[in-house]
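# Residue-level structural notes
Now for the letters of each chain:
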Amino acid sequence: MAKYKVTVYTHNIATATTMNNVFIKLVGEKGESKRTWLTSLKGGFYQGTASREFDVVCPSSLGTLVLIELDKQPLPLFPQDAWFPSKVVVTTPEGDTCQFPIYRWIMDKEVHLFREGTAKRLCDETNHLARYSREKEMKTRTELYCWDTYKEGFPGSMKADNPLDLPSEIQFSFTKATQFLFTAATGITELKLKGYSDSKKSWKNIDEISKVFCCNRTVISDYAQEHWKEDEFFGYQYLNGCNPMLIRRCSELPANFPVTGDMVKPSLRGSSSLLKELQSGNIFLLDYKNLDGLKANVINRKKQYMAAPLVLLYRTPDDKLVPIAIQLKQKPAKDNPIFLPTDSEYDWLLAKIFVRSADFQEHQLNVHLLRTHLLAEVFAVALLRNMPMVHPLYKLLIPHTRYTLQINLLARAFLIADEGVFTQFAASGGEGMIEILRRSVASLTYSSLCMPEDITARGLESVPNNYYRDDGLKLWDIIHRFVEGVIGFYYKSDSEVREDQELQNWIKDIFDHGFLAQECTGIPQSFSTVPEVVKFVTVVIFTCSGQHSAVNSGQYDYGGWMPNTPISLQQPPPTTKGQSTESTMLKTFPDVGTTAQGMSTMWLLSKQSTDFVSLPSFMNYYQYHLGPKYYI
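Here the structure is a predicted model, which is why all the values come from computation and not from measurement.

## Some points on the overall build of the protein
If you tally the helices and strands in the protein, you get 22 helices and 18 strands. For 632 residues, the compact-globule estimate of 2.2 N^0.38 gives 26 Å, and the protein sits close to it at 28 Å. Per-residue burial for the protein yields a buried fraction of 56% across its 632 residues. Long-range contacts, defined as pairs at least 24 residues apart, comprise 74% of the intrachain contacts of the protein with a sequence gap of at least 6. Of the roughly 27,000 Å² that the protein leaves accessible, carbon and sulfur atoms contribute 53%.

## Points about the nonpolar core
Of all hydrophobic cores here, the largest spans 130 residues; its most connected members are W506, F536, M585 and F589. With 24 residues, helix α8 (residues 345-386) is the largest single contributor of residues to this core.

## Comments concerning the pairing of strand β8 (residues 97-101)
Of all five residues in β8, four are buried; the element is thus mostly enclosed. Here five bridges tie strand β7 (residues 85-91) to β8, and the two strands are oriented antiparallel to one another. Residue pairing across strands places V90 opposite C98, the latter belonging to β8. The turn linking β7 back onto β8 is made up of five residues, and G95 within it adopts a positive phi angle of 95 degrees.

## Quick word on helix α17 (residues 501-514)
Between its first and last C-alpha, α17 extends 19 Å over 14 residues, near the 20 Å set by a 1.5 Å rise per residue. If you check which residues of α17 are buried, you get E502, L503, Q504, W506, I507, D509, I510, F511 and G514. Phi for L516, located one or two positions after α17, is positive at around 55 degrees.

## Some details on the UniProt feature "binding site: Ca(2+)" (unreviewed entry) in the protein
Following the UniProt record, the feature "binding site: Ca(2+)" (unreviewed entry) maps to D81 and A82 here. By the secondary structure assignment, D81 is in the loop between β6 (65-73) and β7. Once you skip the residues sitting within four places of it in the chain, D81 turns out to touch T17, T18, M19, N20, K72, I106 and M107. Examined against the element boundaries, A82 turns out to sit in the loop between β6 and β7. Beyond its immediate stretch of four places on either side in the chain, A82 contacts T15, A16, T17, K72, W105, I106 and M107.

## With respect to the state of the cysteines
Across all of its chains, the model carries zero disulfides by this definition. Counting only cysteine sulfurs, C98 is the nearest neighbor of C58, a cysteine outside any disulfide, at a range of 13 Å. C58 sits in the buried class, given a relative accessible area of 1%.

## Things to note about empty space enclosed by the protein
Within the structure shown, the criterion is met by six cavities of 30 Å³ or more. Estimates place the volume of the largest cavity at around 130 Å³. As for the largest cavity, its lining consists of 14 residues, and the residues nearest its centre are C242, R356, D359, H363 and T565. Only α8 and α19 (555-559) provide two or more residues apiece to the lining of the largest cavity.

## Looking at helix α5 (residues 231-240)
The periodicity of an α-helix, 3.6 residues per turn, causes residues three or four places apart in sequence to face the same way. For α5, a buried count of seven out of ten residues is recorded, marking the element as mostly surrounded by other parts of the structure. Within the sequence span of α5, burial applies to F233, F234, G235, Q237, Y238, L239 and N240.

## A closer look at the pattern of salt bridges
Counted by the stated rule, this structure contains 20 salt bridges. With its nearest N and O atoms 3.2 Å apart, the salt bridge here joins E32 to K25. Here E377 ties to R412 by a salt bridge, and the two come within 2.9 Å at their closest N and O atoms. Of this pair, E377 sits in helix α8 while R412 sits in helix α10 (residues 404-414), and the two are 35 residues apart along the sequence. In this structure, E377 and R412 share a single accessibility class: buried. Here the salt bridges share partners, and the residues they tie into one network are K25, E32 and E69.

## A word on the pairing of β7
With six of seven residues buried, β7 is to be regarded as a mostly interior element. Relative to β7, strand β1 (residues 2-10) is paired through six bridges, and the arrangement is antiparallel. Bridging from a neighbouring strand, T7 pairs with V89 of β7.

## Side note on a nonpolar patch on the surface
Together, L75, L77 and F78 line one region of the surface with nonpolar side chains, adding up to about 370 Å² of accessible area. Mapping L75 onto the fold places it in the loop between β6 and β7.

## Structural notes on the sheet that holds strand β13 (residues 283-287)
Strand order in the open sheet formed by five strands is β12-β13-β16-β17-β18, with antiparallel pairing between adjacent strands. Where the open sheet ends on each side, the last strands, each with one partner, are β12 (248-249) and β18 (338-339). Where α5 meets the sheet, its contacts fall on β13, β16 (310-315) and β17 (321-327), and the angle it forms with β17 comes to roughly 95 degrees. Across the sheet, α8 is in contact with β16, β17 and β18; its angle to β17 comes to roughly 90 degrees.

## Section: the packing of α8 against helix α12 (residues 431-442)
Running from N to C, α8 and α12 point in directions that differ by 50 degrees, and their axes come no closer than 10 Å. If you check the angle between α8 and α12, you find them oblique. Note on packing geometry: the crossing formed by α8 with α12 is right-handed. For the pair α8 and α12, contact is made by Q361, L365, N366, L369 and L370 and by M433, I436, L437, S440 and V441, respectively. Per-class residue counts for the contact of α8 with α12 are seven nonpolar, three polar and no charged.

## With respect to the sheet that holds strand β5 (residues 54-58)
Taken together, the four strands give an open sheet; going across it, the order is β5-β1-β7-β8, and neighbouring strands pair in antiparallel fashion. The open sheet terminates on both sides in strands that have one partner only, identified here as β5 and β8. Across this sheet, the average inter-strand angle for adjacent strands is 25 degrees, counted without regard to direction.

## Structural notes on the packing of aromatic side chains
Here a ring pair, both rings aromatic, is described through the centre-centre distance and the interplanar angle of the planes. Applying the stated criterion across every chain yields a total of 15 aromatic pairs. Centre to centre, the rings of Y150 and F154 are 6.2 Å apart; their planes meet at 40 degrees, and the pair counts as tilted. Y150 gets classed as partly exposed once you look at its relative accessible area, which sits at 27%. Taking relative accessible area as the criterion, F154 reaches 5% and is therefore assigned buried. Measuring from ring centre to ring centre gives 5.4 Å for W476 and F542, while their planes differ by 70 degrees; the resulting arrangement is edge-to-face. Of the two residues, W476 is situated in helix α15 (residues 467-490) and F542 in helix α18 (residues 530-552); the sequence distance between them amounts to 66 residues.

## Here we look at the packing of α5 against α8
Running from N to C, α5 and α8 point in directions that differ by 20 degrees, and their axes come no closer than 12 Å. If you check the angle between α5 and α8, you find them roughly parallel. The element α5 and its partner α8 pack so that their crossing is left-handed. Touching D231, F234, Q237 and Y238 of α5 are W348, K352, V355, R356 and D359, all from α8.

Here is what the cut-offs are and how they apply
Residues numbered from 1 in each chain as written. Predicted model: local features only at pLDDT ≥ 70, side-chain atom pairs only at ≥ 80, totals over all residues. Heavy atoms only, no water. Helix = DSSP H or I, 4+ residues; strand = E, 2+ residues; numbered from the N terminus. Rg over C-alpha atoms; globule rule 2.2 N^0.38 Å. Buried < 20%, exposed > 50% of the residue type's maximum accessible area, 1.4 Å probe, protein only. Contact = heavy atoms within 4.5 Å. Areas by Shrake-Rupley, 256 points an atom, 1.4 Å probe, with all protein chains shown as cover. Core = buried A, V, L, I, M, F, W, Y, C linked by side-chain atoms within 4.5 Å. Pairing = 2+ DSSP bridges. Expected span 1.5 Å × (residues − 1). UniProt positions renumbered as here; feature names shortened; annotations may be inferred. Disulfide = S-S within 2.5 Å. 1 Å grid on protein atoms, 1.4 Å probe; cavity = no way out; pocket = protein on both sides within 12 Å on 5 of 7 lines; lining within 4 Å. Points joined across faces, edges and corners; volume = space filled by probe spheres on them. Salt bridge = Lys/Arg side-chain N within 4 Å of Asp/Glu carboxyl O. Patch = residues over 30% accessible without salt bridge, like charges linked within 9 Å, V, L, I, M, F, W, Y side chains within 5 Å. Axes fitted to C-alpha atoms, helices over the stretch in contact; angles between N-to-C directions. Parallel < 35°, antiparallel > 145°, perpendicular 65-115°, else oblique. Left-handed = near helix turned anticlockwise from the far one by under 90°. Nonpolar A, V, L, I, M, F, W, Y, C, P; charged D, E, K, R; others polar. Phe/Tyr/Trp six-rings, centres within 6.5 Å; stacked < 30°, edge-to-face > 60°.

Here it is as structure tokens:
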């Protein structure tokens, strides 16, 4: 007799438990078992738990296991319930362990087929039952995961009206859902209890802002509060803050930024000149042209303002990065002065405040929302539509898409919708937001998503104290080597890449729906070689993991202290010098309620769930699903 050991795992998602009777049949290349009742001594299969080990006994070995048949039947007088098993693990008489991933609801009495989970490309499927199961799965997936267009000119998104419309396999876990709601309620409630979030008053002094800020603080946000006025901290944030993606080396001044050597000479150390520093590679540029000419928001019936600045940064001999010139509008004019560190305290400080507010808009919409969240959704939807669960690329990428679709759905519903927080309280909310995203999509390129190429293109290879670059390139290399090992194992030649239709369908879906079929982006429309696949998969994993973490996790650190990153501004950019005072600055800051809403939102977005999974932890997943050889 051949004895098989079976363990059933129920997913940790609300209402995943079943009290129905569960039956299983094992199907192998040499035969199949009898339909066996999995008797639960606890009376059911419970959310977030593994069952006891069941025995399925056969007259002889079934050979290599191909699939399982699973069904559940209600007890007499009991209703049919909904069950969400995550997987079934079978240990064979020969001592092998076979995984059968499920991750879906079973809500009826029908028999459901699930394949053994060893990674296989379509060409590797030799069993007719396995091929049939693969085809059936993909038909279901294309019906479940449909493309939608949120706004014309935006990347494609998942078609769903609310989180409950999403397939359960991609919804928040019970832990994530509970903590997400608690965090959102806590941030807003704490501020409302103190009577701030509905206030339309302007700030009377900096100490008032500190009273709101004290609700939620971090080590870095405390540092920002203490140093926000300093030029060195201002410059540091463009290398290592929430938006390290804008700065680039400047060897020649833009025609619309007429800074002269005499203007900045007092800011240059020693006997140097602007021309010499440009030639030496010590001058850097921030250009917010993406914001030029946009209509600013109206908040509480009051017109808001944002600038489209140009900023020169200087690398000092002691390797600090400091601003030396700021022009708040793109077109040079008499009423568009170039502000300098030698100007009055509040002239210079106010110019930097307008830059930091502009950076909030650019960071949130382009760097954070588009270049991580929306692209991650494109990668995820294309993966779910085109790759069966046993495809090696599915197994490689699916952990990195965790929660992406539900988070983005919530963002569209509560952040950027007509009544969303960003739409209501950010300077770029409304028409400006839509136009910024369209401009950002139009300028998106493949090379800008490849970190080594992007760093080189922006001339940042040797800038000191650039921890985003240093850590990011190390992480990129680790991911690239890991992906190279996995892809190289499954694809031994370029011809195997070209012949994998599921792989080709995936990248074509991404090109068409994510990058709107624009060849100028440089995104591949198909794969011809193994290295091409390795590079693109590295981009996907890096974007969904390290890059998102870099531009998301520090939002409250750098933006919690509002004066450092104002969500909106109530006064227009100054047009003359010598007129700004502390009172001018306080009137320019967003009102009390807008400040509170911005702070609570950044606090929510920066909050890490307890079921967060770090990249190193995924190595255990890969060992489990792809084999020990991938622990690179």
